[in-house]
Structure formats: C-alpha cells, structure tokens
Amino acid sequence: SKQQLVRRHVGQQLAAYYAQPANLVVGKSTLVDDSNLSSLMGEWHWKRVFQRMYDEREGHWLTPVELFRPHYSNILADFCVHATKGVESSDLEIVELGGGRGTNAMQILDYVADTHPEVYSKLTYTLVDSSPSLHQLQKNTLRESDHADRVRFELKDLMDVAEKKTMLLPRSDTPTVVLGMEVLDNLPHDKVRAKSRKKLEQAEVRISRSGDQEEIFVPLGDPLLKKVIKKVPAYTRPTLSPTWVPSVACGVMLHLLKQRKNLGMAFADFDWLPPPDLYIEEEQGSPKSVWSNGEPIVTDMDGKDYQCYLTSPENCDILFPTDFPKLAHFVKQSMTDEKEVKVFKQSDFLQTFGPSHAKATKSWLTGHSPLLDDFSNCSVLTVTSNPSAGTES
C-alpha cells in the first residue's frame, strides 16, 4: 500500500480535472453584448440574461471575470496601478495565478494601455497556470494580441512552489501585484486534527494494493503544515471535528512575500459554500473521510455533487471555501515590513477600487447591479504597500 498527505491526493485529483481540454473546464460566455448591465431593468431581467448565458456558455464554470467583462477586470487594473503607487519605481509586474482563458489578462492590458499608457510602457504581465491545456489557451489568446511583447507564461504547479520544489518568482525590488481570481478554492488543502493543544495530527490517504482508499491520521510532521499552524494556531483549536487548512495557499503567500518586497495582492474567492446538493434517492455509500470544518464541494462534469473527496469519480472539481480572516492573519504574521492587509466583501472591494465602474453596472430602472449583488458569498484579501490605495485618480 502507499500513503500520502491529503493535499497531494487532492492535488492529483485536481490535476486530472484541469488536464481536460480547456473549453470543458473554464467557461466563456458566448453572448456578445454581455457588458451593458446598466440597460437591464432590474434583478429579474438579469436573472433571465444570466440563465441564457449559462445555457449558452462553453465550459463548466463562469467566473465573475467572464460574466462581468470588462467591468470586473477594469477594477482589478485600477487596483494594480494603485496598490504600488507609493513605490519609487516606474516598472510594474502583474502576476496572475490561474489565468483561466486569458480573458482577465487581456482586459487588464487593454484597459491599462488605454487609461495609463505611462504604466503600460513599463509593464510586464506574467500568467501562471498548472493546467497544460489552459496554459496553451492563454498563449494562443495573448500571443495573437497587441500585448504579445508584454506577456510571459509560466507552467508551474503552485503546490511545488509552496513546498519549495520550484521557484515562482525570482527576487526583485520591482513593484509587483499578484492576482488570484478564484484560485484559492482550487488549491490543495490539508486536514489537521487536534487531540489536545499539544497533540496535533495530519490526515493522510492510504491506498491499498487493490486500490481501496482510506483516510488515516498520523502525528503532525509535515514542515509546511507545522509552519502554517505555528503562525496561525487558530487553524487547530481543539474542536470536535478536524479542520481543512489551506497549506498550499499559505506556502505560496510565503514565497511571494519573501521574493518581492514591493508587493501588492488581491485574492478573490468564496468565503462560504453551500452544503453539497445530494439526492436522497441515490445512495452514494458512506463517506470514507471524516467531515471537517471548511469541507469542499466535490462536483462532477455534469454538475452532480458528492459528499466525500475519496468516494467521488474521476474528473471532479474540488472547491474549498476560504476562511479569509485566518488567511489574512497568516499573511500579517509572515510580513517583515509595514503593508496594509485587508479583507473586503467582494462588492465593497469593487466599490472601493472602482466606484465609477461599479456605478456603470447599475440598472437604470432599479439600481440593481449584478456585479455588486451577485456572488455575495465572495470576499477579497488585499495587500497594498500604498496605505491610501482605493481612491480613484
């Protein structure tokens, strides 16, 4: 039999999911005029348009970047320009982790070229992805664009970065803004259990010769997990249930903070996910893993949910909610200098960094804005080296 940390097992499952053809995984809206949100007559009108977008989409998921283009990306572009504004350097590097179809990169580059030509002339944009199919799609999209000479592409697994097996960014003083749009939810997590304050355990998956999988707990020994828990003991307060810990996300943040002292960050993701939609009449068998705080949603390509990451079929998406206050605390504990770390609800982030863009999405009739009112279970973690960031120039 073989045995490995839960994060490695989850990582292998996610790698298989993302190795599928790109058009199956990250959706794109096929409706051409989907950006004129202000012409809608209110929430009911948006729901009809949204349903049509979903029915006519290509791919599994539609992200806010795809749904609300170009508004969402324009606000991110403004954030990037503001986040490092106080730093003495005219260069700027934007690094996007998990760049999807390249839509966000394209919109941000278009917008910066139009509105901040002086920033654009000194800008490099790096797209990092672990999926070979999405990596290729990003190259195809951007190499044929006007921005080809501004963009770099990296095929890297963020778990390898977190475990220091590979380097994501070289050390540099260049002002750098790292964007992660719905990346945290797909980064492999570990599972930790506190028997007592002193006795901590990590979960591992044991696979027998016949292929049977079981979850077991062993004394905490993984260096990355130990580091995370030392900085944020709250991840293991003795509770009745174990806790999922975003060890890969934390390892990546450590790397970014170490390599770039002039760093800004924006990570947007789900702060809550509904319980899985299980059909009573279908018996899935009993789960093979212990229910834990921060349980992920496991969904197959037909949109069917499963109650356990060990009993689900191949090619499932595994989606974790993020405890933003704990992650923000981890970032604060890992910083060596004064930066501002904040957690916003997504709508507050969008209104703080792009009030005029947000206003442009409101219904002329009711004031309803899908950009602000949808995805209410999303938050954004920001790091800025410019304390006054957040007012439009």
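The rules behind each value
Residues numbered from 1 in each chain as written. Predicted model: local features only at pLDDT ≥ 70, side-chain atom pairs only at ≥ 80, totals over all residues. Heavy atoms only, no water. Helix = DSSP H or I, 4+ residues; strand = E, 2+ residues; numbered from the N terminus. Areas by Shrake-Rupley, 256 points an atom, 1.4 Å probe, with all protein chains shown as cover. Buried < 20%, exposed > 50% of the residue type's maximum accessible area, 1.4 Å probe, protein only. Polar contact = N/O pair within 3.5 Å; in protein donor to acceptor, adjacent residues only side chain to side chain. Phe/Tyr/Trp six-rings, centres within 6.5 Å; stacked < 30°, edge-to-face > 60°. Lys NZ or Arg CZ within 6 Å of the ring centre and 35° of its normal. Pairing = 2+ DSSP bridges. Axes fitted to C-alpha atoms, helices over the stretch in contact; angles between N-to-C directions. Contact = heavy atoms within 4.5 Å. Left-handed = near helix turned anticlockwise from the far one by under 90°. Nonpolar A, V, L, I, M, F, W, Y, C, P; charged D, E, K, R; others polar. Core = buried A, V, L, I, M, F, W, Y, C linked by side-chain atoms within 4.5 Å.

S.K.: What am I meant to see in the overall build of the protein here?
M.R.: Within the protein one finds 15 helices and 15 strands. Accessible surface computed for the protein: about 17500 Å², of which carbon and sulfur atoms make up 50%.

S.K.: Would you mind showing me how to read the environment of Ser-196 here?
M.R.: Structurally, the position occupied by Ser-196 is in the loop between strand E6 (190-194) and strand E7 (200-207). By relative accessible area, Ser-196 is classed as partly exposed at 32%. For Ser-196 and Thr-239, which are 43 residues apart along the polypeptide, the C-alpha to C-alpha distance reads 9.0 Å. A distance of 3.1 Å separates the side chain of Ser-196 from the backbone nitrogen of Lys-199, its partner in a polar contact.

S.K.: Where do I start with the packing of aromatic side chains in this structure?
M.R.: Aromatic ring pairs are reported here in terms of the distance separating the ring centres and the angle at which the planes meet. All chains considered together, the criterion is met by 8 aromatic pairs. Between the aromatic rings of Phe-79 and Phe-353, the centroid separation amounts to 4.9 Å while the plane-to-plane angle is 85°, which identifies the pairing as edge-to-face. Placement of Phe-79 in helix H5 (residues 71-83) and of Phe-353 in helix H13 (residues 346-353) is noted, with a sequence separation of 274 residues between them. You can call Phe-79 buried: its relative accessible area is 0%. With centroids separated by 5.1 Å and ring planes inclined at 65°, the aromatic side chains of Trp-244 and Phe-320 adopt a geometry described as edge-to-face. Taken as a pair, Trp-244 in strand E9 (residues 243-245) and Phe-320 in the loop between strand E13 (317-319) and helix H12 (324-334) lie far apart in primary sequence, 76 residues in all. Across this residue pair, the class does not change: Trp-244 and Phe-320 are buried. Each member of the aromatic cluster is reached from another via a ring pair, and the members are Phe-79, Phe-344, Phe-349 and Phe-353. Over the face of the ring belonging to Tyr-120 we find Arg-150, whose NZ or CZ atom lies 5.3 Å from the ring centre.

S.K.: Looking at this structure, how should I read the sheet that holds strand E5 (residues 176-181)?
M.R.: Sheet strands associate in pairs through backbone hydrogen bonding, adopting either a parallel or an antiparallel arrangement. Across the sheet, 7 strands lie side by side as E4-E3-E2-E5-E10-E15-E14; this open sheet has mixed pairing. Single-partner strands in this sheet number two, and they are strand E4 (151-155) and strand E14 (340-345). Adjacent strand axes in the sheet meet at a mean angle of 15° when their direction is disregarded. Of the strands in this sheet, strand E2 (92-97), E5, strand E10 (263-270) and strand E15 (378-384) touch H5, which is tilted by about 150° from E5.

S.K.: What is the right way to read the packing of helix H11 (residues 247-259) against H12 from this model?
M.R.: Think of two packed helices as two axes; the pair is described by the angle between the axes and how far apart they sit. At a closest axis distance of 10 Å, the pairing of H11 and H12 adopts a crossing angle of 35°. In this structure, H11 crosses over H12, and the sense of that crossing is right-handed. Residues Cys-250, Met-253, Leu-254 and Leu-257 of H11 lie in contact with H12, whose contacting residues are Leu-327, Phe-330, Val-331 and Ser-334. Per-class residue counts for the contact of H11 with H12 are 7 nonpolar, 1 polar and no charged.

S.K.: Can you help me understand the nonpolar core in this one?
M.R.: Side chains of nonpolar character tend, in soluble globular proteins, to be buried together. By size, the foremost hydrophobic cluster in this structure holds 43 residues, and its most contacted members are Leu-97 and Leu-158. Within the residue set of this core, elements represented by two or more residues are E2, helix H9 (158-162), E6, helix H10 (223-231), H11, E10, H12 and E15. Considering each element in turn, this core owes the most residues, 7 residues, to H11. Core analysis: the second largest hydrophobic core is formed by 33 residues, Tyr-111, Val-119, Leu-123 and Leu-179 among them.

S.K.: Looking at this structure, I do not really get the pairing of E6. What am I missing?
M.R.: Taking burial as the measure, the 5 residues of E6 include 4 buried ones, the bulk of the element. Pairing geometry for E6 and E9, over 3 bridges, is antiparallel. In the sheet register, Val-192 faces E9, and the bridge partner there is Thr-243. Relative to E7, E6 is paired through 3 bridges, and the arrangement is antiparallel.

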